[in-house]
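Listed here are the chains, written in short residue letters.
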Amino acid sequence: MKRILLSALVLGLAMTAAAQLKSRVIEDGGTGPSKAVMTEVEGLEAHTVFVPQDLSKFSAANPLPVLVWGNGACANSPFEHAKFLSEIASYGYIVLATGYIPMTDEWYQGPMSKTEQQIESIDWVYAQNADPQSPYYQKIDLKHLCLAGMSCGGLQTLYNCADKRVSTLMICNSGLFNQQNAGQAVGGMPMPPKEKLKEIHTPVLYLLGGESDIAYQNGMDDFHRISHVPAYAANLPVGHGGTYSKPHGGEFAVVARAWLDWQLKGSTDAAKQFTGEVPALQKREGWTLEWNAAAGK
């Protein structure tokens, strides 16, 4: 009898813990075919997951590619990027964002995030994919993982760029500081030197807000220094804030998803945005695109 009561107590506690996990649907789950949810997950504190609500159609034969995201201002919450990240997840991705789940649209106020949280996200997806008890068991595409971030999150991404589990990078409204402008950096940001660019081992997209973006000079300087891997620089003149807060993440979500669909899903249609004699992105209103010799165009 005592064993039965103890088992019931343990089960009840587990169910209570699960019930306390917070979740939120952003903009009806996005415009994609796999409506997304933003949620906490048990055992991964200070991280937020954006993922299709219905996992039944994903499997080892049709797994979810991964986007690992770092936030602007080193915020320990993806409150500024929730629309953007939910939109991407709705097209069949699992997104791991640094920081606590934003249950309101209020500005995050709290301690800054840390670079190692991105590595924790990568470790987590590997563990979940291998765990038969996980809802993500054998449903994650570990061979196709993008490490990305905006502003400070982009610096965190470049700090972690050497991780061999990463298959592409997306540096948004960001770029490494040099000795001349390092004083402009906000205290607490990671400050890897320009030599860090040599550790990039994957294709990389710089997604910038044009010349009015305070990170434009740093990002374009990075881009021009990279010659050993394919590198692209896409600019839309909207400034440092990008379009993340626009409905469904705005234009930045469209271009980011095209990059992910090409790099992580091998989509030939998405590749046309960046390749060919005149890439389709250059025909999209307001956008400019540059690429280096390693891009093979």
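What you see is a predicted model; the values in this text were computed from it and never measured.

Calculation rules
Residues numbered from 1 in each chain as written. Predicted model: local features only at pLDDT ≥ 70, side-chain atom pairs only at ≥ 80, totals over all residues. Heavy atoms only, no water. Core = buried A, V, L, I, M, F, W, Y, C linked by side-chain atoms within 4.5 Å. Buried < 20%, exposed > 50% of the residue type's maximum accessible area, 1.4 Å probe, protein only. Helix = DSSP H or I, 4+ residues; strand = E, 2+ residues; numbered from the N terminus. Contact = heavy atoms within 4.5 Å. Disulfide = S-S within 2.5 Å. Pairing = 2+ DSSP bridges. Axes fitted to C-alpha atoms, helices over the stretch in contact; angles between N-to-C directions.

Novice: Explain the nonpolar core here, please?
Specialist: Soluble globular proteins: nonpolar side chains tend toward being buried together. One finds Ile 94, Trp 124 and Tyr 206 to be the most contacted residues of the largest nonpolar core, which totals 43 residues. Here this core takes 4 residues from strand E6 (residues 140-150), the largest share from any one element. Excluding residues that lie within four positions of it along the chain, Tyr 206 makes contacts with Leu 158, Ile 171, Ser 174, Gly 175, Leu 197, Gly 219, Asp 222, Phe 223, Ile 226, Tyr 232, Ala 233 and Ala 234. In terms of nonpolar packing, the next biggest core, distinct from the first, is built from 42 residues, Ile 101, Cys 146, Ala 258 and Ala 271 among them.

Novice: Looking at this model, I keep getting lost on the state of the cysteines. Mind explaining?
Specialist: What makes a disulfide is a covalent bond joining the sulfur atoms belonging to two cysteines. Per the stated rule, a full pass over the model turns up 1 disulfide. The disulfide partner of Cys 74 is Cys 152, and the S-S distance across this bridge is 1.7 Å. Looking along the S-S bond of the Cys 74-Cys 152 disulfide, the torsion reads about 75°, which is the right-handed sense. Of this pair, Cys 74 sits in the loop between strand E4 (64-70) and helix H2 (82-89) while Cys 152 sits in helix H4 (residues 152-159), placing them 78 residues apart in sequence. Here Cys 146 is not disulfide-linked; the sulfur of Cys 172 is the nearest cysteine sulfur, at 8.0 Å. Overall, Cys 146 belongs to the buried group, its relative accessible area being 0%. Its relative accessible area of 0% is what places Cys 172 among the buried residues.

Novice: Honestly, the sheet that holds E4 in this entry has me stumped. Any pointers?
Specialist: Ordered by their spatial adjacency, 10 strands build an open sheet running E1-E2-E3-E5-E4-E6-E7-E8-E9-E10, and the pairing between neighbours is mixed. For this open sheet the edge positions go to strand E1 (23-24) and strand E10 (288-291), each flanked by a neighbour on one side alone. The pairing of E4 with strand E5 (residues 94-98) spans 4 bridges and is parallel. Directly across from Val 68, in E5, lies its bridge partner Leu 96. Strands in contact with helix H3 (residues 116-130) are strand E3 (47-52), E4, E5 and E6; relative to E6, the strand with the most contacts, it is inclined by about 160°.

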